[in-house]
Amino acid sequence: MSRIYERVALIGLGLIASSMAHAMRRAGVAGEITGFARSAETRDVAREIGLCDRVCDSAVEAVSGADLVVLCVPVGAMGAVAAEIAPALKPGATLSDVGSVKRAVIDAVAPHLPEGVHFVPAHPLAGTEHSGPRSGFAELFDNRWCLIVPQEGSDRAAVARLEGFWQALGAHTDEMDADHHDLVLAVTSHAPHLIAYTMVGVADDLRRVTDSEVIKYSAAGFRDFTRIAASDPTMWRDVFLNNKEATLEILGRFTEELFALQRAIRIGDGDHLHAYFTRTRAIRRSIIEAGQDTDAPDFGRARQG
């Protein structure tokens, strides 16, 4: 495949950025990949494994001359990073991100950008519970969705170029409004993560069940909760603080559904429980049929090979 960008800069070198680097090399879409991470230890690891063509000691150095700059830092840090790198951004360059929240990121980043820089937010719907530069792999985005979130007046050529880039990395792409994105992700990602963190916390609080018993007798359901709850705490803290309204709306609806199930269990309403579980099982099957997961016990997230 031909190059889409001559130079791509990755700011933050965790799971998503490192997977992007591997996927870019596989597809041959970038002439040079530069990278930067705040932690010197992370930069050293990235250099050791040859993650980027150049791992820089400052964000400004990494973005200088880049045609595409991707912010791969927690959403709460994106505004400060944008302010830092803005003077060094190349005219005509595209700035994007991989954040799980879009409205707050747009509000934090856009005011810092100079004229002539195209800001095209994006969100690849892919991940594992692992983090750091060693955790990435080229197949992470294969057959997953990357949501592109253009703003009013976005340069359509820049948007199309970024969509082609993500497609080359293996993803399907779709465009979505920022506020709608945040509501959809509150349903599909943010609330489920909060529930998983809570369930693991509840198990920890139940002192009648020892740690060894929780670990020894973990069934599939609890294992899946612990996998989700192992995700990066800084990233998820920032997600909830920056998508507060949508997450609280979905949690309110979840609580109403939970109360209804609680009542059905209390009064022995088996018909209600059976009908509810039948409907929700159909949703799970539709996810598999859509190719966004598998029926394997690890939900298809284990790296193959």
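Residues numbered from 1 in each chain as written. Predicted model: local features only at pLDDT ≥ 70, side-chain atom pairs only at ≥ 80, totals over all residues. Heavy atoms only, no water.

Participant: If you had to explain the overall build of the protein chain to someone new, which residues and values would you point to?
Facilitator: The helix and strand tally for the protein chain stands at 12 helices and 9 strands. Its C-alpha atoms give the protein chain a radius of gyration of 21 Å, near enough to 19 Å, the size a compact globule of 305 residues would have. With respect to the three principal axes, the spread of C-alpha positions in the protein chain is 65 × 40 × 35 Å. Relative to its 305 residues, the protein chain shows a buried fraction of 43%. Of the contacts formed within the protein chain by residues at least 6 apart in sequence, a portion of 73% connects residues at least 24 apart. Accessible surface computed for the protein chain: about 15600 Å², of which carbon and sulfur atoms make up 55%. (Helix = DSSP H or I, 4+ residues; strand = E, 2+ residues; numbered from the N terminus. Rg over C-alpha atoms; globule rule 2.2 N^0.38 Å. Buried < 20%, exposed > 50% of the residue type's maximum accessible area, 1.4 Å probe, protein only. Contact = heavy atoms within 4.5 Å. Areas by Shrake-Rupley, 256 points an atom, 1.4 Å probe, with all protein chains shown as cover.)

Participant: Describe the environment of aspartate 179, naming the residues involved and giving the relevant values.
Facilitator: You can see aspartate 179 is positioned in helix α7 (residues 178-205). For aspartate 179, a relative accessible area of 44% gives the class partly exposed. Along the backbone, aspartate 179 and isoleucine 85 are 94 residues apart, and their C-alpha atoms lie at a distance of 26 Å. Reaching out from aspartate 179, the side chain makes a polar contact with the side chain of arginine 103 at a distance of 3.1 Å. (Polar contact = N/O pair within 3.5 Å; in protein donor to acceptor, adjacent residues only side chain to side chain.)

Participant: Break down the packing of aromatic side chains for me, citing the residues and quoting the values.
Facilitator: Inspection of every chain in the model, using the stated rule, returns 5 aromatic pairs. Relative to phenylalanine 165, the ring of tyrosine 5 lies with its centre 5.6 Å away and its plane at 70°, an arrangement referred to as edge-to-face. Here tyrosine 5 is found in strand β1 (residues 5-11), whereas its partner phenylalanine 165 is found in helix α6 (residues 156-168), with 160 residues between them in sequence. When sorted by exposure, tyrosine 5 lands in the same class as phenylalanine 165, which is buried. A centroid spacing of 5.1 Å and a plane angle of 80° characterise the contact between phenylalanine 141 and tryptophan 166, whose relative ring orientation is edge-to-face. (Phe/Tyr/Trp six-rings, centres within 6.5 Å; stacked < 30°, edge-to-face > 60°.)

Participant: Outline a nonpolar patch on the surface, supporting the account with residue identities and numerical values.
Facilitator: A contiguous nonpolar patch, built from Met199, Val202 and Leu206 and spanning about 200 Å² of accessible area, is present on the exposed surface. Structurally, the position occupied by leucine 206 is in the loop between α7 and α8 (211-216). Owing to a relative accessible area of 33%, leucine 206 belongs among the partly exposed residues under this scheme. (Patch = residues over 30% accessible without salt bridge, like charges linked within 9 Å, V, L, I, M, F, W, Y side chains within 5 Å. Salt bridge = Lys/Arg side-chain N within 4 Å of Asp/Glu carboxyl O.)

Participant: Describe the packing of α7 against helix α11 (residues 244-267), listing the residues and the values that go with them.
Facilitator: The geometry of a pair of packed helices is captured by two quantities: the angle between their axes and the separation between those axes. It is at 9 Å that the axes of α7 and α11 come closest, and there the two elements cross at 65°. Classified by chirality, the crossing of α11 by α7 is right-handed. Contact residues: Asp182, Leu183, Ala186, Val187, His190, Ala191, Leu194 and Ile195 in α7; Ala246, Thr247, Ile250, Leu251 and Phe254 in α11. Class assignment of the residues belonging to the contact of α7 with α11 gives a composition of 10 nonpolar, 2 polar and 1 charged. (Axes fitted to C-alpha atoms, helices over the stretch in contact; angles between N-to-C directions. Left-handed = near helix turned anticlockwise from the far one by under 90°. Nonpolar A, V, L, I, M, F, W, Y, C, P; charged D, E, K, R; others polar.)

Participant: Could you give an account of the nonpolar core, naming the residues involved and the relevant values?
Facilitator: Of all hydrophobic cores here, the largest spans 41 residues; its most connected members are Leu10, Met20, Met24, Phe141, Phe165 and Trp166. Residue assignment for this core shows that the elements contributing at least two residues are β1, α1 (15-27), β2 (30-36), β4 (68-71), β8 (145-148) and α6. The element that contributes the greatest number of residues to this core is α1, accounting for 8 residues. Discounting residues that sit within four places of it in the chain, methionine 24 has contacts with Val8, Leu10, Val29, Ala30, Ile33, Phe165 and Leu169. Val69, Ala82, Ile85 and Ala178 belong to the second largest nonpolar core, which has 27 residues in total. (Core = buried A, V, L, I, M, F, W, Y, C linked by side-chain atoms within 4.5 Å.)

Participant: Would you mind going over the pairing of β8 in detail, with residue names and values included?
Facilitator: One ladder, built from 3 bridges, connects strand β7 (residues 122-124) with β8; its direction is antiparallel. Residue histidine 123 lies in a different strand from β8, and its bridge partner there is leucine 147. The parallel pair β8 and strand β9 (residues 172-175), bridged by α6, forms a crossover whose chirality is right-handed. (Pairing = 2+ DSSP bridges. Right-handed = clockwise from strand over helix to strand, strands pointing away.)

Participant: Can you tell me about the side chain of serine 18, naming the residues and giving the values?
Facilitator: Among the structural elements, serine 18 can be located in helix α1. The class of serine 18 is buried, set by a relative accessible area of 0%. Reaching out from serine 18, the side chain makes a polar contact with the backbone nitrogen of glycine 136 at a distance of 3.1 Å. Non-local contacts of serine 18, meaning those with residues more than four positions away in its chain, are made with Leu51, Gly132, Pro133, Ser135 and Gly136.

Note that all results are geometric; they support no functional claim without further evidence.
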